[in-house]
Amino acid sequence: MSKVIATGAILGSHYYVKQAEALVEKAITEKGADFKFEFPDTAYFLPQMFAMTGFEVRTLGDMKTALEQKVRPLVSNVPDDHLYKPYLGEALDAGMVTLFAQEMIMAVRYIYGEEPVKDDSIGLTYNGFISDTILRNLGVQLVDGSMPGYVVIVGAADSDEQAFEIARDLQQKNILTLLCGNVNGNSVTKQLLRKGVQLGWDTRLVPLGPEVEHAIYAVNWAARAGITFGGMKGGDYKKILKYSKDKVFAFVMVLGPLNDRIWTTGAGAIDMGFPAIANTDIPTIEVTGVTIYEEVAKELDPAKLVQKCIEVRGLKITVSKPPIPVAFGPAFEGERIRKEDMHIEMGGQRTPAFEWLHMTDLDKVEDGRVTIVGTDADERYKKGGQMPLAIVIEVAGRKMQKDFEPVLERKIHHFVNEAQGIWHMGQRDQDWFRVSINALKEGFVLRHLGDILTTQLKHKFNNIVDKVQVTLYVDEADVKEKVVEARKAYLERDIRLATMTDESVDTFYSCLLCQSFAPNHVCVVSPERLGLCGAYNWLDAKAAFEIDPNGANQPVMKGETLDAVKGRWKGVDEFVYTNSHQALEYFNAYSIMDAPMTSCGCFECIMAIVPEANGVMIVNRGYTGMTPIGMKFSTLAGTVGGGAQTPGFMGIGRFFLTSKKFLSADGGFKRIVWMTKNLKESFAEQFKQRAEEEGIPDLIDRIADETVAEDSDKMMEYLTAKGHPALTMDPMF
Ligand code: SF4
């Protein structure tokens, strides 16, 4: 262990612990020891403290206790100047002490309204604490590899241009970038803003705060992963640290000179298994164990820095870039193009437009061909403004099936949005494109839309797509003529989907993607029940199996039906038992009360029994208010996740609500007594239809939401006044 690093880490920990003690003492004097505190939208108290020690800090008084009992005993003496010894243990302890202290400093700052930091001089409010909701939102991307990892950048690059290049490189590699710290007031956050780069979760460039201690938000986010997805308990520090090292692919990039505060924060990151890589000439630590590869490394060539980080953390990066002149990657998916930054738009009810993908014979497709049909198409595109646009994609492949057409067509949205400066919304004949002025300046022409689609469809679906060709129609008459055929195809698909039931197929599909986080969790996806993250329906899973026959989506033969009402099949039982590593014998697909399906951590919604109402309530991820059972989403999520089977509670995908198999063994759709307004509104039409099918057309109005009740009493008053059917149904248990 480098003495320089160990000394810096220990000195830095002294600095933070003293600061935390002083701040907590002051806050207790002013607000009292019983003053309650929780970070926004988390079920894990002070998450770093909770994950490592199991100690639940709920008040200022608890913070003082934690400082006295959990932090102070770990503080080491500063190494002697004259005596060399390896200081690894002390330095790592110092790092953990620092994380605990930084977390409390941030908590007190939150109490005084000083977090998240607002900097009017740059017109920015930093992100601050990262919520449990965001962790769950990103869950699928982290498990399926589309987000291979995340980096915490501390400091400032040597120039704005260099910061821009590093950020763009990370974006193109789909790595989430969290920013904090500064060098003499300058920071990567400021450098990117000066370069006109959009910051935020949508672009995967998130400014946490202006100081190095804001890195704690990235670290205590990681500390929650083992509990949220891995089924671990607060205080399981050995397991959580190992989980963090093996499964949370984070690392720290330090730009600019280091000081004790940075060394000690870096030591904390190393504790979590996250290596630190600097762009300056620092001592390095090449031993492994606490991290997978080197603990501290350096790379002085800015052009090689990102690659060095990837090697040191051992990230697996698979990137394919279509032949277009703008940057490309999921990090650009959330980029917005305002009207004043727009060069041209198509569709969006402004011009006729649609997009349609269909399969055809192999000999009818010239692979990679992009054809533009229309008068003066390129000139009109260059001129800007608005233009009609029909995109007709023809795919052919020996393993291609008609059922895969909508799966592939839905990808148009993602592929097009991944191009920097191109924006897409909607689908089918309700689509909308925008091309930015900057994209035009960089040379993005009309045919590049086709190039994106031909290359990406081949790349992502190479096992089922052998050839792709794209035709772009830009004359209004053509678009209006071609859309008739497309609409016929949309209708045929809708009819096919509507008639697809669990009984109509003999095979379901598994999804084991989340096992990288929740090792015993198995999703079984059927035509009438999608995966609980909402990202995989039966067709998606079927296509995924064809694309990668050895992947996470495997066919599950239903076999003998053991219970048609509850949804239990012999083949499914066997698959679940084997693939949950014997943790689960079976589940019932249509019940929440009797052996429900397990939940990992990235469910879109949580459903929970409300005994007094003889029904269930449903809360979606992102809703931060209270529910009538006295628990917020974040607290409920702590009860449900980790691959556990919890009767009375279940994680589900939003679309399951409109399925005829929704709780069909427990009384079905009529059991819903409370759900968020957001859910009600997002499925208004489908709910109406389901309510009519249930014979109670005004059922939605009889279901309470947060605008009428956030507690049980008010909810019961509402249900009684409305005559909700659940009140008179058979008891749920
Ligand atoms: S379908 Fe299930 S296992 Fe697959 S990603 Fe979604 S939640 Fe995870």
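A brief structural summary. (Residues numbered from 1 in each chain as written. Predicted model: local features only at pLDDT ≥ 70, side-chain atom pairs only at ≥ 80, totals over all residues. Heavy atoms only, no water.)

So, on to the overall build of the chain. Counting secondary structure elements, the chain contains 24 helices and 25 strands. Against the 2.2 N^0.38 benchmark of 27 Å for 733 residues, the chain shows a C-alpha radius of gyration of 27 Å, consistent with a compact globule. Once the C-alpha set of the chain is aligned to its principal axes, its extents read approximately 85 × 70 × 45 Å. Across the 733 residues in the chain, those meeting the buried criterion constitute 58%. At a minimum sequence separation of 6, the contacts of the chain that also span at least 24 residues come to 75%. Counting 80 positive and 99 negative side-chain charges, the chain places the centres of these two groups 1 Å from one another. (Helix = DSSP H or I, 4+ residues; strand = E, 2+ residues; numbered from the N terminus. Rg over C-alpha atoms; globule rule 2.2 N^0.38 Å. Buried < 20%, exposed > 50% of the residue type's maximum accessible area, 1.4 Å probe, protein only. Contact = heavy atoms within 4.5 Å. Lys, Arg positive; Asp, Glu negative; His and termini not counted. Charge placed at Lys NZ, Arg CZ, Asp CG, Glu CD.)

What follows concerns the site of the ligand. Residues in contact with the ligand, as listed here, are Cys511, Leu513, Cys514, Cys523, Gly531, Leu532, Cys533 and Cys600. When its residues are assigned to classes, the shell around the ligand shows seven nonpolar, one polar and no charged. (Near = heavy atom within 4 Å. Nonpolar A, V, L, I, M, F, W, Y, C, P; charged D, E, K, R; others polar.)

Moving on to the side chain of Ser580. Relative to the helices and strands, Ser580 is located in the loop between helix H19 (570-579) and strand E22 (605-610). Within the structure, Ser580 has its side chain in polar contact with the backbone nitrogen of Leu584 (distance 2.9 Å). When near neighbours in sequence (up to four residues on either side) are disregarded, Ser580 contacts Asn520 and Val522. (Polar contact = N/O pair within 3.5 Å; in protein donor to acceptor, adjacent residues only side chain to side chain.)

Time to look at the packing of helix H4 (residues 88-111) against helix H9 (residues 216-228). Taken N-terminus to C-terminus, the directions of H4 and H9 make an angle of 110°; their axes are 10 Å apart at the nearest point. Between H4 and H9, the angle falls in the class roughly perpendicular. Every pair of crossing elements has a handedness; the one defined by H4 and H9 is left-handed. Mapping the contact onto sequence places Leu99, Gln102, Glu103, Met106 and Tyr110 in H4 and Ile216, Tyr217, Val219 and Asn220 in H9. Tallied by class, the residues present in the contact of H4 with H9 amount to six nonpolar, two polar and one charged. (Axes fitted to C-alpha atoms, helices over the stretch in contact; angles between N-to-C directions. Parallel < 35°, antiparallel > 145°, perpendicular 65-115°, else oblique. Left-handed = near helix turned anticlockwise from the far one by under 90°.)

On to the sheet that holds strand E19 (residues 555-557), then. If you walk across this open sheet you meet the three strands as E18-E17-E19, and the pairing is antiparallel. Edge positions in the open sheet fall to strand E18 (523-525) and E19, since each of these has one partner strand only. Averaged over all pairs of adjacent strands, the angle between strand axes in this sheet comes to 40°, irrespective of strand direction. Sheet topology places strand E17 (residues 507-511) next to E19; three bridges connect them, and they run antiparallel. Its bridge partner lying in E19, Tyr509 is registered against Pro555. Helix H18 (residues 538-547) contacts E17, E18 and E19 of the sheet and is inclined by roughly 75° relative to E17. Of the strands in this sheet, E17, E18 and E19 are in contact with H19, which crosses E19 at around 130°. (Pairing = 2+ DSSP bridges.)

Our next topic: the side chain of Asn620. Mapped onto the elements of the fold, Asn620 is located in strand E23 (residues 615-620). By relative accessible area, which is 4% here, Asn620 ends up buried. Of the polar contacts made by the side chain of Asn620, one reaches the side chain of Thr676; its length is 2.5 Å. Not counting chain neighbours up to four residues away, the residues in contact with Asn620 comprise Glu604, Cys605, Phe633, Arg654, Thr676, Asn678 and Leu679.

In this section: the packing of aromatic side chains. Taken as a whole, this structure holds 23 aromatic pairs when the rule is applied. Centroid distance Phe39 to Tyr217: 6.4 Å. Interplanar angle 90°. Geometry classified as edge-to-face. Placement of Phe39 in the loop between helix H1 (3-31) and helix H2 (47-53) and of Tyr217 in helix H9 is noted, with a sequence separation of 178 residues between them. You can call Phe39 buried: its relative accessible area is 1%. Following the ring pairs from residue to residue traces out a cluster consisting of Phe37, Phe39, Tyr110, Phe129 and Tyr217. One residue, Lys195, lies across the ring of Phe164, its end atom 5.6 Å from the ring centre. For the cation-ring pair, Arg434 lies above Trp423, with the distance from its terminal atom to the ring centre recorded as 5.9 Å. (Phe/Tyr/Trp six-rings, centres within 6.5 Å; stacked < 30°, edge-to-face > 60°. Lys NZ or Arg CZ within 6 Å of the ring centre and 35° of its normal.)

The strand order across the open sheet formed by four strands is E24-E22-E23-E25, and the pairing between neighbours is mixed. One side of each edge strand has no neighbouring strand; the edge strands of this open sheet are strand E24 (649-652) and strand E25 (672-675). Averaged over all adjacent pairs, the angle separating strand axes in this sheet is 25°, with direction ignored. Pairing between E22 and E24: four bridges, direction antiparallel. Bridging from a neighbouring strand, Ile606 pairs with Gly651 of E24.

Our focus in this paragraph is the nonpolar core. A general trend in soluble globular proteins is that nonpolar side chains are found buried together. With 116 residues, the main nonpolar core has Met63, Met104 and Tyr150 as its most contacted residues. If you tally residues by element for this core, the top one is H4, at 13 residues. Apart from the residues lying within four places of it in its own chain, the contact partners of Met63 are Val24, Phe37, Leu46, Val57, Met104, Ala107, Val108 and Ile111. Membership of the second largest hydrophobic core comes to 63 residues, among which are Ile324, Ile412, Val474 and Leu512. (Core = buried A, V, L, I, M, F, W, Y, C linked by side-chain atoms within 4.5 Å.)

A separate point is the environment of Leu135. Tracing the backbone through its elements, the reader meets Leu135 in helix H5 (residues 132-137). Owing to a relative accessible area of 4%, Leu135 belongs among the buried residues under this scheme. Separated by 277 residues in sequence, Leu135 and Ile412 place their C-alpha atoms 26 Å apart.

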